[in-house]
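Each chain is listed here by its residues.
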Amino acid sequence: MPFIDVKNLSVHDPIQQKNLVANITFSLYKQRCLAVIGESGSGKSTVAKALIGLTSPSLEVKGAIVFDGEKLTSQMAQQWRGKRIGYISQDAMNAFNPIETIGHQMMETFQQHLGLRGKEGKAHAITGLERVHLKNPHQLMKRYPHELSGGMLQRVMIAITIMLSPDVIIADEPTASLDAYNRREVITQLQRLKEETGAALIIISHDLGVVQAIADELVVMHQGEMLEHHIAEKIFTSPEHPQTKHLLETRLRLSAPIEALRKQKRVRAFSC
Ligand SMILES: Nc1ncnc2c1ncn2[C@@H]1O[C@H](COP(=O)(O)OP(=O)(O)O)[C@@H](O)[C@H]1O
Ligand SMILES: [Mg+2]
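Residues numbered from 1 in each chain as written. Chains lettered and ligands numbered in written order. Predicted model: local features only at pLDDT ≥ 70, side-chain atom pairs only at ≥ 80, totals over all residues. Heavy atoms only, no water.

If you look the chain up in an unreviewed UniProt entry, it shows as ABC transporter ATP-binding protein from Bacillus pumilus. Annotation of the chain in UniProt includes, under Sequence similarities (unreviewed entry), the sentence "Belongs to the ABC transporter superfamily." (UniProt positions renumbered as here; feature names shortened; annotations may be inferred.)

Given below as structure tokens:
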């Protein structure tokens, strides 16, 4: 049974009287990575937010989202967010409380979801920060969000998500503010989590180097709809739609490929 099953998902804006996304249908098994690509405004973040029950209240969500055999309700989304469904948002700055230190926020999260207190929670936080290669983790824990760069906050958010070891991670542009080295490290950590815990990953990315390195399957979004959904290699080698070809050509020129990681990626026999 797929871990995630999405059928005919649409998000409607009653004010503009239009669908922001429509006809979104896919399923994903555990230990698989689905990447979502598409031009800006094509609806990628709207899908991600619907999947974790964070759609703005002014919008209407229709269709079925099933996680691990259970239909996603807003109550379930709230309960599962963090421990079972990890979300790495596009907007790292707003994901943190500005008046609490990074350490406090990390430890509070680990206490709430994992029951870790005091030294245990602190050790867990340090391990997480080390895994995303943030320097001086003890010092960093004493700092406030505004004292960190966007890229550092993004890595803290990834550290928290990884250390909660969720069943599924939905990451919206997780490497957008990172340099090439940190991009590689973050991808390695997400891949490691997938291999070790069997987590399912949904990664939205403009960076085709990242996508080539990590994705088993690929969804191409265009104007709120899914244009293609295949194994990643198939879309990279023989895209069906002219729009996909155009997107790949433009983006491949902009993205430095992560060759080493790409070679590491296991290719499995799979058809969607
Ligand atoms: N809360 C909202 N209310 C109305 N329109 C929205 C809202 N959020 C996103 N949109 C619109 O939905 C479309 C898709 O946006 P988004 O999912 O953020 O695209 P992407 O992540 O692919 O760049 C855009 O036209 C955007 O303006
Ligand atoms: Mg977006």
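Next comes the rest of the description.
**Q** How should I be thinking about the environment of Gly 53 in this particular structure?
**A** Inspection of the secondary structure puts Gly 53 in the loop between helix H1 (44-51) and strand S4 (60-67). Look at Gly 53 and you get partly exposed, because its relative accessible area is 37%. In this structure, the C-alpha to C-alpha distance between Gly 53 and Glu 70, residues 17 residues apart in sequence, is 14 Å. Discounting residues that sit within four places of it in the chain, Gly 53 has contacts with Leu 72, Ala 77 and Arg 81. (Helix = DSSP H or I, 4+ residues; strand = E, 2+ residues; numbered from the N terminus. Buried < 20%, exposed > 50% of the residue type's maximum accessible area, 1.4 Å probe, protein only. Contact = heavy atoms within 4.5 Å.)

**Q** Help me understand the side chain of Asn 182, please; the structure alone is not making it clear to me.
**A** Within the secondary structure, Asn 182 is located in helix H7 (residues 180-197). Taking relative accessible area as the criterion, Asn 182 reaches 9% and is therefore assigned buried. A distance of 3.0 Å separates a polar atom in the side chain of Asn 182 from a polar atom in the side chain of Arg 155. Here Asn 182 is in contact with Val 132 and Arg 155, once residues within four sequence places are set aside. (Polar contact = N/O pair within 3.5 Å; in protein donor to acceptor, adjacent residues only side chain to side chain.)

**Q** Would you mind going over the pairing of strand S8 (residues 200-204) with me for this structure?
**A** Note on strand geometry: in a regular strand, side chains alternate between the two faces of the sheet. Judged by how many residues are buried, S8 sits mostly within the fold: five of five residues are covered. Both faces of S8 are covered, namely the face carrying Ala 200, Ile 202 and Ile 204 and the face carrying Leu 201 and Ile 203. As defined by bridge partners, strand S3 (residues 33-38) adjoins S8 across four bridges and the pair is classed as parallel. Paired with Cys 33 across the two strands is Leu 201, which belongs to S8. One ladder, built from five bridges, connects strand S7 (residues 168-172) with S8; its direction is parallel. From the neighbouring strand, Ile 170 faces S8, where its bridge partner is Ile 202. Read as a crossover between parallel neighbours, the route from S7 over H7 to S8 is right-handed. (Pairing = 2+ DSSP bridges. Right-handed = clockwise from strand over helix to strand, strands pointing away.)

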